[in-house]
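Descriptive analysis of the structure
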Amino acid sequence: MTHDPETIFLRTRGATIEIGNLKNLGADVRSLRRKVFCEEEGYLEDMVETTLDRLGIHIVVRNGEEPIACVSVIPPEYSREFAEEVLLPEVYAGRAALITKMAVVPEHRKSRLATIMVACLERYIFAPREYRYAFVVLKGRHRLNEPFYQRLTGAERVAEGRCFYGEQVVLIMDRQAPTYQNVRRDILDAQIKKVALKR
């Protein structure tokens with residue numbers, strides 16, 4: 001079944017943000033992932049699109065017409081299907097949404113876009129749908145981003161192991177935990193306005 005959320009248009013600091021499904025945002029999502037993960041970081045083409053993407057909700061940030069950042073989330077009802085594969089502890093299977101493939105082009109990495117995208121996840125996906133848990137899987141060199149995700153979301157490591165790209169770690173974000181509440185103010189301080197835009 002394809003997850004088909006209502007498209008949401010937002011504006012922040014001169015950039016526009018769109019939240020929607022793969023049909024509407026797939027071209028921009030694939031372009032950003034290919035540029036960041038494959039061309040810049042040397043990952044294989046399987047980082048560009050997976051079978052999970054059709055189930056997901058996608059966020060794309062644009063500077064004018066140019067896509068500059070994206071992140072995707074797979075709703076928790078689907079996580080039981082791949083929990084064992086990604087080493088997600090059973091207690092979270094079917095209960096935690098997957099935050100996946102956050103990408104920001106190099107020239108905009110000092111623009112707090114990661115915080116803005118997490119703020120969009122919180123305000124327009126997690127809170128309205130009452131998702132308590134979300135998780136991130138960091139593979140290979142992306143494991144170096146673990147402190148970044150801990151600062152950004154208050155996530156904590158719950159599992160580690162091996163995958164095709166080498167070692168991987170699994171981080172859980174609990175929206176009711178003190179670690180999340182400590183960063184929530186910064187997330188909610190992000191200046192995001194819902195607007196009626198037509199493309």
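Attention here is on the structure that accompanies the text. (Residues numbered from 1 in each chain as written. Predicted model: local features only at pLDDT ≥ 70, side-chain atom pairs only at ≥ 80, totals over all residues. Heavy atoms only, no water.)

Looking at the overall build of the chain
What the chain contains, in helices and strands, is four helices and nine strands. Each helix (α) and strand (β) of the chain, taken in turn from the N terminus, gives the series β-β-α-β-β-β-α-β-α-β-β-α-β. For the chain, the C-alpha radius of gyration of 16 Å lies close to 16 Å, the compact-globule estimate for 199 residues. When its C-alpha atoms are laid out on the principal axes, the chain stretches across 45 × 35 × 35 Å. Within the span of the chain, comprising 199 residues, buried residues form 56% of the whole. Counting contacts in the chain only where the partners sit at least 6 residues apart, residues at least 24 apart contribute 70% of the total. Surface summary for the chain: the accessible area is close to 10,100 Å², and the carbon and sulfur share equals 47%. Across the chain, 31 positive and 28 negative side-chain charges occur, with their mean positions spaced 5 Å apart. (Helix = DSSP H or I, 4+ residues; strand = E, 2+ residues; numbered from the N terminus. Rg over C-alpha atoms; globule rule 2.2 N^0.38 Å. Buried < 20%, exposed > 50% of the residue type's maximum accessible area, 1.4 Å probe, protein only. Contact = heavy atoms within 4.5 Å. Areas by Shrake-Rupley, 256 points an atom, 1.4 Å probe, with all protein chains shown as cover. Lys, Arg positive; Asp, Glu negative; His and termini not counted. Charge placed at Lys NZ, Arg CZ, Asp CG, Glu CD.)

Considerations on the nonpolar core
Ranked by size, the top nonpolar core spans 53 residues in total, and within it I19, I59, I125 and F126 carry the most contacts. In terms of residue count, the dominant contributor to this core is helix 2 (residues 113–129) (eleven residues). Dropping the residues within four chain positions of it, I19 is found in contact with E6, T7, I8, L10, L25, I57, H58, I59, C120, Y124 and I125. L55, A96, V137 and I172 belong to the second largest nonpolar core, which has 17 residues in total. (Core = buried A, V, L, I, M, F, W, Y, C linked by side-chain atoms within 4.5 Å.)

A closer look at the pattern of salt bridges
In total, this model carries 13 salt bridges according to the counting rule given. In this structure, the salt-bridge partner of R80 is E90, at a minimum N-O distance of 2.8 Å. Placement of R80 in the loop between strand 4 (66–74) and strand 5 (96–104) and of E90 in the loop between strand 4 and strand 5 is noted, with a sequence separation of ten residues between them. E90 sits in the exposed class, given a relative accessible area of 56%. Of the charged contacts in the structure, one is a salt bridge between E167 and R162, with a shortest N-O distance of 2.7 Å. Overall, the relative accessible area of 30% leaves E167 in the partly exposed class. (Salt bridge = Lys/Arg side-chain N within 4 Å of Asp/Glu carboxyl O.)

Section: the pairing of strand 5
Extensive coverage of strand 5 is indicated by the burial of nine of its nine residues. Summarising the sheet, strand 4 and strand 5 pair through five bridges and their orientation is antiparallel. Each bridged residue has a counterpart across the sheet, and for V73 the counterpart in strand 5 is I99. Taken together, the three bridges between strand 5 and strand 6 (residues 133–139) define a ladder with parallel strand orientation. Note that in strand 6 the partner of L98 across the bridge is F135. A crossover connection joins strand 5 to the parallel strand 6 through helix 2; in handedness this β-α-β unit is right-handed. (Pairing = 2+ DSSP bridges. Right-handed = clockwise from strand over helix to strand, strands pointing away.)

Regarding the packing of aromatic side chains
Within the structure shown, the criterion is met by four aromatic pairs. A centroid spacing of 5.1 Å and a plane angle of 70° characterise the contact between Y92 and Y133, whose relative ring orientation is edge-to-face. With Y92 in the loop between strand 4 and strand 5 and Y133 in strand 6, this pair connects stretches of sequence that are 41 residues apart. Take Y92 and Y133: they sit in the same class, and that class is buried. Seen in terms of ring centroids, F126 and Y131 are 6.1 Å apart; in terms of plane orientation they differ by 50°. Their pairing is tilted. Residue F126 shares its accessibility class with Y131, and that shared class is buried. (Phe/Tyr/Trp six-rings, centres within 6.5 Å; stacked < 30°, edge-to-face > 60°.)

Considering the side chain of R175
Structurally, the position occupied by R175 is in the loop between strand 8 (166–174) and helix 4 (178–188). Of the polar contacts made by the side chain of R175, one reaches the backbone oxygen of Y131; its length is 2.8 Å. Leaving out residues up to four positions away in the same chain, R175 has contacts with E122, F126, A127, Y131, R132, Y180 and Q181. (Polar contact = N/O pair within 3.5 Å; in protein donor to acceptor, adjacent residues only side chain to side chain.)

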